[in-house]
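# Descriptive structure summary
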Amino acid sequence: MAGEASQLQDAPEPVTVSTTVVVIGAGPAGMTLATLLQHSGVPCVVLERRSRDHVAQRQRAGIVETRAVRMFDSWGLADRVLGGIPYDGILEIRVDGRSHLVSDRDGSDGPVARLCPQQVLVQKLTETFLEGGGDLRFEAADVSLHDLTGDRATVRYRTPDGTSHTLTCDFVAGCDGDRGVSRTAVPNGALTAHAFDHGIGWLTVLADAPPPAHPLLATGPHGFAAHFPRGPHASRYYLQCPPDDTPDDWPEQRVWEALRTRLGDPALGSGPITDREVFRLRSLVHDPMRHGRLFLVGDAAHIVSPMGGKGMNLALYDADLLARAVRDFVRDGDDTALDTYSARCLRRVWNDQEFSHWLTRTLHDAGDADPFLRHLARARLDRLFHSPAAARAFAELMTGLDPNGGAVTVQEPSGGLSARGAD
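We now turn to the structure provided with this report. (Residues numbered from 1 in each chain as written. Predicted model: local features only at pLDDT ≥ 70, side-chain atom pairs only at ≥ 80, totals over all residues. Heavy atoms only, no water.)

## Some remarks on the overall build of the protein chain
Quick note on the threshold: Every helix listed is a DSSP run of H or I at least four residues long, and every strand listed is a run of E at least two residues long, numbered separately from the N terminus. Between the two quantities, the radius of gyration covers C-alpha atoms and the globule rule is 2.2 Å times the number of residues to the power 0.38. Here's how the labels work: a residue is buried when its accessible area is under 20% of the maximum for its type, exposed when over 50%, partly exposed in between, all with a 1.4 Å probe on protein chains only. Here, two residues are considered to be in contact whenever any of their heavy atoms come within 4.5 Å of each other. Only the protein chains shown count as cover for residues, with accessible areas throughout obtained via the Shrake-Rupley method and a probe of 1.4 Å.
Counting its regular elements, the protein chain contains 13 helices and 23 strands. Whereas a compact globule of 423 residues would reach a radius of gyration of roughly 22 Å, the protein chain reaches 23 Å, a difference of no more than 12%. Counting all 423 residues of the protein chain, 50% fall into the buried class. Counting contacts in the protein chain only where the partners sit at least 6 residues apart, residues at least 24 apart contribute 70% of the total. Summing over all exposed atoms, the protein chain offers an accessible surface of approximately 18900 Å²; the carbon and sulfur share of this is 50%.

## A closer look at helix H13 (residues 388-399)
What counts here: Expected helix span is computed as 1.5 Å times (number of residues minus one). The arc in question is the one traced by the directions running from the helix axis out to the C-beta atoms.
Its twelve residues give H13 an end-to-end C-alpha distance of 16 Å, which sits within 8% of 16 Å, the value for a rise of 1.5 Å per residue. Taken together, the buried positions of H13 are Phe394, Ala395, Met398 and Thr399. Each buried residue of H13 sits inside an arc of 120° when the element is viewed along its axis, so together they form one side. Among the structural elements, helix H4 (66-74), strand S6 (90-95), strand S7 (98-103), helix H11 (341-368) and helix H12 (371-386) are those in contact with the buried residues of H13.

## Re the sheet that holds strand S1 (residues 15-18)
The following threshold applies: A pair of strands is labelled paired if DSSP reports no fewer than 2 bridges between them. Interaxial angle, 0 to 180 degrees, is taken between N-to-C directions of lines fitted to C-alpha atoms, where a helix line uses only the stretch in contact.
Here four strands make up an open sheet; going across it, the order is S1-S12-S11-S10 and the pairing mixed. Because the sheet does not close on itself, it has two edges, and the strands there are S1 and strand S10 (141-146). Taking each pair of neighbouring strands and ignoring which way they run, the sheet shows an average axis angle of 15°.

## Section: the packing of helix H2 (residues 28-39) against helix H6 (residues 118-131)
Angle between the axes and distance between the axes: these two values describe a pair of packed helices. To keep things clear, this is the line we draw: Roughly parallel covers angles under 35 degrees, roughly antiparallel covers those over 145, roughly perpendicular covers 65 to 115, and oblique covers all other angles. For any helix crossing, the convention is left-handed if the near helix is rotated counterclockwise from the far helix by under a right angle, and right-handed if that rotation is clockwise.
Remark: H2 packs on H6, axes separated minimally by 9 Å, with the N-to-C direction vectors making an angle of 30°. With respect to H6, the element H2 is oriented roughly parallel. Crossing of H2 against H6: the hand is left-handed. Within the contact between the two elements, H2 uses Pro28, Met31, Thr32, Ala34, Thr35 and Gln38 and H6 uses Gln118, Val122, Leu125, Thr126, Thr128 and Phe129.

## Considering the packing of H2 against helix H9 (residues 311-332)
Defined as follows: Classification convention: Asp, Glu, Lys, Arg as charged; Ala, Val, Leu, Ile, Met, Phe, Trp, Tyr, Cys, Pro as nonpolar; all other residues, Gly among them, as polar.
Contact pair H2 / H9: the axes reach a minimum separation of 8 Å and the direction vectors enclose 30°. Considered as vectors, H2 and H9 are oriented roughly parallel to each other. The interaxial crossing formed by H2 with H9 has right-handed handedness. On H9, the residues that touch Pro28, Ala29, Thr32, Leu33, Leu36 and Leu37 of H2 are Met312, Ala315, Leu316, Ala319, Asp320, Leu322, Ala323 and Val326. Along the lines of polarity and charge, the residues of the contact of H2 with H9 split into twelve nonpolar, one polar and one charged.

## Points about a nonpolar patch on the surface
What counts here: Residues enter patches when their relative accessible area tops 30% and they take part in no salt bridge; the joining distance is 9 Å for like charges and 5 Å for the nonpolar side chains Val, Leu, Ile, Met, Phe, Trp and Tyr. Just to be clear on terms, a salt bridge is a Lys or Arg side-chain nitrogen sitting within 4 Å of an Asp or Glu carboxyl oxygen.
Residues Phe372, Leu373 and Leu376 make up a contiguous nonpolar surface patch of about 290 Å² in total accessible area. Position of Leu376 among the secondary structure elements: in helix H12. Leu376 gets classed as partly exposed once you look at its relative accessible area, which sits at 37%.

## Points about H4
Burial analysis of H4 places seven of its nine residues in the buried class, which makes it a mostly covered element. Taken together, the buried positions of H4 are occupied by Thr66, Arg67, Ala68, Val69, Arg70, Met71 and Phe72. Trailing H4 by a residue or two, Gly76 shows a phi angle of about 75°, which is positive.

## Some thoughts on unusual backbone geometry
Trans is the prevailing form of peptide bonds, just as negative phi is the prevailing case for residues other than glycine. Omega for the bond connecting Asp287 with Pro288 falls within 30 degrees of zero, at 0°, which places this linkage in the cis form. The topology assignment puts Pro288 in the loop between strand S18 (273-287) and strand S19 (290-291). For Asp96, which is not glycine, the phi dihedral falls at a positive 55°. Mapped onto the elements of the fold, Asp96 is located in the loop between S6 and S7. Phi is positive for Glu139, which is not a glycine, with a value near 55°.

## What to know about the sheet that holds strand S20 (residues 294-296)
Taken in spatial order, the six strands of this open sheet run S9-S3-S2-S13-S20-S19, and their pairing is mixed. On the outer flanks of this sheet lie strand S9 (135-137) and S19, each paired with one strand and no other. In this sheet, strand S13 (residues 171-174) lies alongside strand S2 (residues 21-24) in parallel orientation, the contact comprising four bridges. Looking at the pairing, Val22 lines up with Val172 of S13. H6 contacts strand S3 (44-47) and S9 of the sheet and is inclined by roughly 125° relative to S9.

Honestly, that's just the spatial picture; any functional story needs more than this.
Put into C-alpha cells, the structure is as follows:
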C-alpha cells in the first residue's frame, strides 16, 4: 500500500488550459489553419501525435494550385510559407508516345501555382507558427474529444512523461486525416459517408533521377504512367498497377522498363530509388463537415484520388474558410460563416471530386480499357487538345479559380433560401 501511495504521489499533476481553438493534427490542413488563426490574433493550441522529425520527413507529393497561392498571398504569407518553384503552367500529356502540351493558365493576373512538396509547406508553416509564439505540442498521446455539443468543448491528451492535459475551447478543428481521432469522435449516424473505389492501383516511386521539363501524364496500351519533378535532381513517378500489388512485385528493373515503355521514352534516365509504395485510388466525402463545436478539415472530411492534385489544395481551402469564420466570430460575434462552413466547403469538394474522377477515368480508360470506353476517353482528350473552350475549362479546374465568385445556396432556419458568397 505504501508503494502504491508513493507512486500516486509522484505522478505529474494534471494540467488544464483554456483556449479558443484546439487544432488536432500538424499536417498541411492543421498548420495552415493554425498559422492563419495566429495571423488573425485568435489563440489556438495544436496537438500532433507524431514527433516533429517524423512530420518534417513525411514525404508527400504536392502542387500548391494558383488559388491556394493567391490565398496565402491575400494573408500576406506567400513569401514566408511557400517553398518549391513556380509552376510554369504547362502540363504534358502523352498518348501512345505522342506529346501534347496543355496550359492551365486562365489568363488572370497574379501569383501562379508552385511545385511544392507537402513536407516543405508544412515545415515552413511550422517555423512561421513557432516563431510567432505559437503553441504546438508534438507527441500528444491518447487524444480524446468531449462535450462537442456543449457550451465548451474539451480535449484531453497525455504527454510522453505521463502528464494528463485538459484543454477547454470554443472550437475543435479535426485536421488529423482519414484515420485520426477527430472523425471517430462523431456519433454514428451524424455523418453520411459517400465512398468510391476506382478499382485502380498506383505504384509511386521516388528516385534520384532527372526531373521532366513539365509535369508529365502518359497513357497507352500498356497503361498509365506519370513523371513529376521533386527538386532539381529528384523525380516522383506513378505507374498504374493492380490494386493488390505490393512494392515487392516491382523490382527496380521492372519499374524502369515499365516507365520507359509507358512514357514513350526509351532513353529515360534512371537513378537510385529511395522510396516506393502501392496504394488504391479511392474517393470519400463525409457530409456534413461539422458536428457541434467540431469542424472537420482536409482529409478528415474528404479523400480525393490524386489525379489533378486536389487533395492538399482542398485541405488548404477548408483551412482558409474556417480561419476566416472563427475570426469573424471572435472579432465581430458573427457566426454566419461558421454556420455555412460545411456547405461552402462541400460545394468545392464535389466540384474537385468530379474533376479528379473525370481526369482519372479519361487517362486510365484511354490506355488499356474496354474498346468502347477507350474510344470515349480518347474523344475527351482530342477535345481537350483541339477545343479552346475545353482548354479554358480545364485551366479553370486545374488552377482552382472560380469565375462565379463561389456563391452557394444554403438553407435558412425559416425554411427560405439565400445565396451567400463562398469566400
